[in-house]
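Analysis of the macromolecular model
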Amino acid sequence: MADGLFAREIKAIDAFTIQDIGIPSMVLMERAALAVSQFVLENTVEETVNIFCGPGNNGGDGIAVGRILSQAGRNVTIYMIGDFSKATEETTAQLRIAKNLKMSVSEKRYIGKIEKDSVIVDALFGIGLNREVEEPFLSVIKVINLSAATKVSLDVPSGLSADK
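Calculation notes
- Residues numbered from 1 in each chain as written.
- Predicted model: local features only at pLDDT ≥ 70, side-chain atom pairs only at ≥ 80, totals over all residues.
- Heavy atoms only, no water.
- Pairing = 2+ DSSP bridges.
- Helix = DSSP H or I, 4+ residues; strand = E, 2+ residues; numbered from the N terminus.
- Axes fitted to C-alpha atoms, helices over the stretch in contact; angles between N-to-C directions.
- Contact = heavy atoms within 4.5 Å.
- Parallel < 35°, antiparallel > 145°, perpendicular 65-115°, else oblique.
- Left-handed = near helix turned anticlockwise from the far one by under 90°.
- Nonpolar A, V, L, I, M, F, W, Y, C, P; charged D, E, K, R; others polar.
- Phe/Tyr/Trp six-rings, centres within 6.5 Å; stacked < 30°, edge-to-face > 60°.
- Buried < 20%, exposed > 50% of the residue type's maximum accessible area, 1.4 Å probe, protein only.
- Lys NZ or Arg CZ within 6 Å of the ring centre and 35° of its normal.

1. A word on the sheet that holds strand 5 (residues 150-153)
- In spatial order, the strands read 3-2-1-4-5; together these five strands make up an open sheet with parallel pairing. One side of each edge strand has no neighbouring strand; the edge strands of this open sheet are strand 3 (104-106) and strand 5. On average, adjacent strands in this sheet sit at an angle of 20° to one another, irrespective of strand direction.
- Relative to strand 4 (residues 118-123), strand 1 (residues 48-53) is paired through six bridges, and the arrangement is parallel. Note on strand 4: the bridge partner recorded for Ile-51 is Val-121.
- Along the sheet face, helix 3 (residues 57-71) touches strand 1, strand 2 (75-80) and strand 4 and points at about 160° away from the line of strand 1.

2. A word on the packing of helix 2 (residues 25-43) against helix 4 (residues 89-100)
- Relative to each other, helix 2 and helix 4 sit at 60°, their axes nearing to 10 Å. With respect to helix 4, the element helix 2 is oriented oblique. In this structure, the crossing between helix 2 and helix 4 has a hand that is right-handed. For the pair helix 2 and helix 4, contact is made by Ser-25, Met-26, Met-29 and Glu-30 and by Glu-90, Thr-91, Ala-93 and Gln-94, respectively.
- Of the residues contributing to the contact of helix 2 with helix 4, the split by class is three nonpolar, three polar and two charged.

3. Let's talk about the packing of helix 2 against helix 3
- Axis separation between helix 2 and helix 3 bottoms out at 8 Å; the angle between their running directions is 50°. The pairing of helix 2 with helix 3 is recorded here as oblique in orientation. Once helix 2 is placed against helix 3, the crossing between them reads as right-handed. From helix 2, Ser-25, Met-29, Glu-30, Ala-32, Ala-33, Leu-34, Val-36, Ser-37, Val-40 and Leu-41 reach across to helix 3, where they touch Asn-57, Gly-60, Asp-61, Ala-64, Val-65, Arg-67, Ile-68 and Leu-69.
- Looking at the contact of helix 2 with helix 3, its residues break down into 11 nonpolar, four polar and three charged.

4. Observations regarding the packing of aromatic side chains
- Enumeration over the complete set of coordinates arrives at two aromatic pairs.
- Look at Phe-52 and Tyr-79: their rings are 5.0 Å apart centre to centre, the planes differ by 15°, and that puts the pair in the stacked class. Of the two residues, Phe-52 is situated in strand 1 and Tyr-79 in strand 2; the sequence distance between them amounts to 27 residues. Grouping residues by exposure puts Phe-52 and Tyr-79 together as buried.
- Here the aromatic rings of Phe-125 and Phe-137 are separated by 4.8 Å at their centres, their planes lie at 55°, and the arrangement is tilted. In this pair, Phe-125 is assigned in the loop between strand 4 and helix 5 (137-146) and Phe-137 in helix 5, connecting sequence segments 12 residues apart. Per residue, the accessibility class of Phe-125 equals that of Phe-137, and both read buried.
- The ring of Phe-6 has Arg-8 lying over it, and the distance from NZ or CZ to the ring centre is 4.9 Å.

5. Looking at the environment of Pro-55
- Along the chain, the position of Pro-55 falls in the loop between strand 1 and helix 3.
- As for Pro-55 and Glu-89, which are separated by 34 residues in sequence, their C-alpha atoms are 9.6 Å apart.
- When near neighbours in sequence (up to four residues on either side) are disregarded, Pro-55 contacts Ile-81, Asp-83, Phe-84, Lys-86, Ala-87, Thr-88, Thr-91 and Phe-137.

The values reported here are purely geometric and, on their own, carry no functional implication.
Following this line, the structure appears as structure tokens:
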């Protein structure tokens, strides 16, 4: 592995920050979203942003990124991939906020082509992925990988191990 931390170390830091220091998980999610949104705004010119979110906290980060980018004037669509009845509490809260703001949220399984002159934000899986990727995620990851659009991943590109 290159210089950096293993997934278990990052999870331990998150747990310590939330449980011992007392910073709520939603605050960490908002801070991550602000940093990623700032990066996208400073480093891309494309107006269309497609955000692919899973039901875990990485998806919640992605939804928050979408809200911030939308408020900054980007044309954002959030694609919910997976079973959101099993979404984390934080991701459910982020989704409720996005819907309250009348953002474009799609529950369809997006498999089509992604336009080259857009940005993709990959928020399907974070560092916690420890299994083989299955449908519907596998098809979406393939579409993302084949796209010529600018890509930004939260944590690591979905389907890759954070430790390898």
